[in-house]
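Coordinates in review
Below are the chains, spelled out letter by letter.
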Amino acid sequence: MGVTEDNLNTFPGEVYRDDAGQANFFVTSIDKLANWARSNSLWPLTFGTSCCAIEMMSAASAKYDWSRFGFEVARATPRQADLIIVAGTICTKMAPVLKRLYNQMANPKYVIAMGSCTISGGPFYYYSYSVVKGVDTIIPVDVYIPGCPPRPEALLEGMMALQAKIKKSRAYVIDSPKTKQEE
Amino acid sequence: MSKEELKAYLEVNFPTCKFEDTIDFPVVIVEQGQLLSLLKSLREAPSTDFDLLFCQTAVDYKTRFEVIYHLSSTTFRHDLVVKVLLDDREHPELESIFSIWKAAELFENEIFDLFGIRFLNHPNLRRIILGDEWQGYPLRKDYTDANILIP
Amino acid sequence: MILMIGFKDITLWIHQMLSGYLNPGWVVASEALLVGLAMILLVVIMAVAMIYMERKVAGFMQLRLGPMRVGLWGSMQAFADVLKLLLKECLTPNGADKLLFSLAPFVVLTVSFLALAPFSFAPGLQLWDLNIGVLYISAVSSIGVIGILMAGWSSNNKYSLLGGMRSGAQIVSYELSAGLSIIAIVIMCGSLSIHDIILSQSDGWWIFKGHLPAMFAFVVFVIASTAELNRAPFDLAEAEQELTAGFHTEYSGMQFAMFFLAEYTNMFIVSMVGTTVFLGGWMPFHIVGFEAFNHLMDYVPSFIWFFGKTFFILFLIMWFRWTFPRMRIDQLLKLEWKYLLPLSIINIVIAAFITIMGWHF
């Protein structure tokens with residue numbers, strides 16, 4: 001069972017919907033086009049700290065090959081990357097570096113927390129003095145991929161879940177100005 | 001030299017050391033005062049020629065510290081382990097062996113960072129892993145902080 | 001076989017139609033507009049094709065499939081990439097020099113477009129046949145270095161600055177070898193004009209006619225051009241492990257897309273120069289004496305020949321990327337100044353000698 005367009009209604013994550021379930025015709029079509037482009041061309045930032053990075057490299061190389069989905073161009077600079085796959089344990093010394101990299105990324109940006117160390121601190125949750133207990137205490141996470149380490153196929157499914165999430169989101173969130181009654 | 005030959009050599013030259021029977025490396029336990037001279041002679045003697053310090057670490061048994069040196073020789077291909085026991089838990093201090101092997105600099109920085117054992121005559125004793133502002137020495141058995149949920 | 005309608009007829013028809021409606025000044029302006037649109041269309045189509053080709057070639061070289069999910073066999077991947085880059089936020093770093101930072105991608109892109117002018121894609125399909133065609137291309141591509149240095153300097157980032165300086169040094173060095181290798185053929189042909197060079201290859205391509213010096217010049221040209229494009233194995237200035245992304249580290253969104261597009265356009269230009277000068281431009285592959293074979297080769301239209309040869313050189317350049325390990329900056333510059341440049345000069349002397357003695361075919 002995976003995350004597809006059909007069962008997205010029961011997707012436990014956050015999905016942007018319109019205010020009254022209605023949408024302007026133009027915005028919907030542009031939304032679809034923009035979301036199609038963004039989801040099919042997610043460029044990951046090369047960020048791998050420990051063992052999950054090995055699985056990420058394996059997913060990038062010939063046998064599992066994430067470039068079939070469009071993720072091939074892994075840029076080393078956060079300015080040009082859309083997606084940061086936090087693969088590996090984040091210690092308290094690395095945490096400000098990760099926050100700075102996330103801040104340097106250009107919008108729209110997405111985060112995948114790969115492996116149990118980034119979801120909650122993993123095997124280091126109870127006893128360690130230096131592991132950040134879950135990377136979502138530092139940066140907002142879109143998709144969590146459990147595993148220690150997750151297999152490359154699990155990483156690919158997580159990335160496909162992110163693609164489905166992007167396709168359902170609103171590309172341009174225009175806040176309507178508050179009127180006097182709403183204040 | 002094999003294990004027995006090393007043992008015999010050490011028994012002759014340093015009779016006050018104790019030996020342990022282990023499966024892999026031969027282990028020598030010395031007093032704190034004799035440490036520097038023992039290691040220096042192990043390095044410089046042409047029959048032993050231990051020119052590689054491939055590990056230096058520490059262990060916290062609850063009543064004492066133990067600092068452990070792993071030596072190896074690239075010419076004779078034999079290894080040796082030297083252990084020193086420290087009884088002072090408040091301000092443990094030891095001689096630095098930076099003058100014998102330069103590799104000891106970073107090992108001793110790490111031991112100071114994680115255990116709090118100060119090394120005398122060290123060129124630049126500082127915290128290298130945890131960052132300069134860390135309080136306390138995490139690898140001691142009596143260390144606890146807010147991050148450790150089960151002490 | 002001659003095509004029933006030549007490109008000269010098409011352009012003449014358009015000219016007459018426009019002259020019927022507008023006065024001469026407007027005719028020139030509207031023709032310029034049409035030509036500009038055609039060039040932009042060509043660059044866009046070639047960029048999309050090259051992005052797809054690069055991903056697929058990279059995939060097949062590494063025993064994997066490239067993009068497969070986006071459109072049939074991944075054909076829409078380039079469109080998704082470009083559209084995503086268009087919709088991304090354009091950042092300007094805090095301490096950056098705003099004017100230079102914004103201007104640098106435009107400089108690099110404009111220079112790439114300028115260099116497209118003299119090329120001849122088919123008999124009669126040439127934008128501007130100036131008598132110094134090859135020299136013009138070489139000169140105009142040199143201006144791109146200014147854009148790269150501007151990008152590296154104005155980013156307020158020491159790695160960008162290092163990357164920009166290294167790129168600048170590399171490009172300026174390798175222009176020499178590239179130019180000298182083209183000059184070897186120009187010596188044998190006797191003219192700098194693109195049209196003349198192609199016409200002089202009607203009895204055989206220069207790489208076969210001018211045997212030793214031409215083959216050596218081709219090899220040197222491909223190496224030097226790969227270095228000028230900052231592509232592997234000479235991509236130290238923008239390699240990931242070395243300098244994050246070199247001079248274009250701080251660019252995102254559309255500005256990065258412009259650098260991207262300029263790099264692919266430069267690749268295309270370099271391949272076209274190689275095709276024109278060494279491989280015969282739009283001339284079909286004729287062997288002197290085999291008339292039936294020559295007639296058969298003539299059935300393939302000229303622009304197919306031209307683009308086929310261009311794609312062959314493009315494939316060579318992409319092949320290099322996934323074959324050779326990267327060179328260090330000192331190895332790179334040593335290669336140029338100590339080996340390629342002296343050998344190119346000796347090559348020119350040999351080419352001149354062969355031309356004087358008439359020993360080429």
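Up top is the structure.
Summary of the structure given here. (Residues numbered from 1 in each chain as written. Chains lettered and ligands numbered in written order. Predicted model: local features only at pLDDT ≥ 70, side-chain atom pairs only at ≥ 80, totals over all residues. Heavy atoms only, no water.)

1. Things to note about the side chain of B:His122
Our working rule: Each helix corresponds to a stretch of at least 4 residues labelled H or I by DSSP, and each strand to a stretch of at least 2 residues labelled E; elements are numbered beginning at the N terminus. By definition, residues are in contact when any of their heavy atoms lie within 4.5 Å.
Structurally, the position occupied by B:His122 is in the segment after β7 (118–120). Not counting the four nearest positions on each side in its chain, B:His122 is found in contact with B:Ser96, B:Ala104, B:Glu105, B:Glu108 and B:Asn109.

2. Considering the packing of helix α10 (residues 211–228) of chain C against helix α15 (residues 329–357) of chain C
Helix-helix packing: each pair is described by the crossing angle between the helix axes and the interaxial distance. Residue and element names in this part refer to chain C. Going by this rule: Axis lines are fitted through C-alpha atoms, for helices just across the contact stretch, and the angle between N-to-C directions can take any value from 0 to 180 degrees. Each angle is binned into one of four classes, with values under 35 degrees roughly parallel, values over 145 roughly antiparallel, values of 65 to 115 roughly perpendicular, and all other values oblique. If you view the pair so one helix is near and one far, a crossing is left-handed when the near helix is turned anticlockwise from the far one by less than a right angle, and right-handed when it is turned clockwise. Three categories are distinguished: nonpolar for Ala, Val, Leu, Ile, Met, Phe, Trp, Tyr, Cys and Pro, charged for Asp, Glu, Lys and Arg, and polar for the others, with Gly belonging to the last.
At a closest axis distance of 9 Å, the pairing of α10 and α15 adopts a crossing angle of 150°. Judged by the inter-axis angle, α10 sits roughly antiparallel to α15. The handedness of the crossing between α10 and α15 comes out as left-handed. Only Leu340, Leu343, Ser344, Asn347, Ile350, Ala351 and Ile354 of α15 make contact with α10, whose side of the interface consists of His211, Pro213, Phe216, Ala217, Val220 and Ile223. In the contact of α10 with α15, the residues fall into ten nonpolar, three polar and no charged.

3. Examining the packing of helix α2 (residues 24–61) of chain C against helix α3 (residues 77–86) of chain C
Residue and element names in this part refer to chain C. The interhelical angle for the contact between α2 and α3, taken along N-to-C directions, is 115°, at an axis separation of 8 Å. One element, α2, and the other, α3, form an angle in the roughly perpendicular class. Crossing of α2 against α3: the hand is right-handed. Taken together, the residues of α3 that come into contact with α2 (itself represented by Val48, Ile51 and Arg55) are Gln77, Ala78, Phe79 and Asp81.

4. Describing the interface of chain A and chain C
Stated precisely, the cut-off is as follows: Two parts placed together each lose some accessible area; with a 1.4 Å probe, that loss summed over both constitutes the buried area. Salt bridges are counted wherever a side-chain nitrogen of Lys or Arg sits within 4 Å of a carboxyl oxygen of Asp or Glu. Pairing of N or O atoms within 3.5 Å defines a polar contact, subject to two protein rules: one partner must be a possible hydrogen donor and the other a possible acceptor, and residues neighboring in sequence count only if both atoms are side-chain atoms.
Tallying the contact residues gives 31 residues for chain A and 31 residues for chain C. Taken together, both faces of the contact between chain A and chain C bury some 2700 Å²; the carbon and sulfur share is 56%. When the shortest N-O distance is used, the salt bridge between A:Asp82 and C:Lys84 registers 2.9 Å. The tally of links from chain A across to chain C stands at 18 residue pairs in polar contact (both at pLDDT 80 or more). No other element matches the six residues that helix α1 (residues 25–40) of chain A contributes to the side of chain A that touches chain C.

5. Describing the interface of chain B and chain A
Each partner contributes residues to the interface: chain B has 14 residues there, and chain A has eight residues. Interface area, chain B with chain A, both sides summed: about 900 Å², of which 62% is carbon and sulfur. Three residues, B:Asn147, B:Leu149 and B:Ile150, lead the burial of chain B against chain A; their summed loss comes to 51% of the area buried on that side. The interface formed by chain B and chain A includes zero salt bridges. Here chain B and chain A share six residue pairs in polar contact (both at pLDDT 80 or more) between them. Of the residues belonging to the side of chain B that touches chain A, the class tally is eleven nonpolar, two polar and one charged.

6. Considerations on the sheet that holds strand β3 (residues 110–114) of chain A
Residues and elements named next belong to chain A. As a reminder, the rule being used: Two strands form a pair only when DSSP identifies at least two bridges running between them.
The strand order across the open sheet formed by four strands is β1-β2-β3-β4, and the pairing between neighbours is parallel. The strands lining the two open edges of the sheet, one partner per strand, are β1 (44–45) and β4 (143–145). Bridging between β3 and β4 involves three bridges; their strand directions are parallel. By the bridge assignment, Met114 is partnered in β4 with Ile145.

7. Side note on the packing of aromatic side chains
Geometry of an aromatic ring pair is reported as the spacing of the ring centres plus the angle between the planes. Filter applied, for reference: Two rings belonging to Phe, Tyr or Trp (six-membered ring only in the last case) form a pair when the distance between their centres is within 6.5 Å. Interplanar angles under 30 degrees mark stacking, angles over 60 mark edge-to-face geometry, and anything in between is tilted. Buried means the residue's accessible area, taken with a 1.4 Å probe over protein chains only, is under 20% of the maximum for its type, while exposed means over 50%, and partly exposed covers the values in between. The rule for a charge over a ring is simple: NZ of Lys or CZ of Arg within 6 Å of the ring centre, and within 35 degrees of the ring normal.
Taken as a whole, this structure holds 29 aromatic pairs over all chains when the rule is applied. Considering the side-chain rings of C:Trp205 and C:Phe285, the 5.1 Å spacing of their centres and the 50° angle between planes classify their relative orientation as tilted. One end of the pair, C:Trp205, is in the loop between α8 (194–199) and α9 (206–209); the other, C:Phe285, is in the loop between α12 (253–278) and α13 (291–298), and 80 residues separate them in sequence. Overall, the relative accessible area of 26% leaves C:Phe285 in the partly exposed class. Taken together, the ring pairs connect C:Trp205, C:Phe208, C:Phe285, C:Phe293 and C:Trp305 into an aromatic cluster. One residue, C:Lys84, lies across the ring of A:Trp43, its end atom 3.7 Å from the ring centre.

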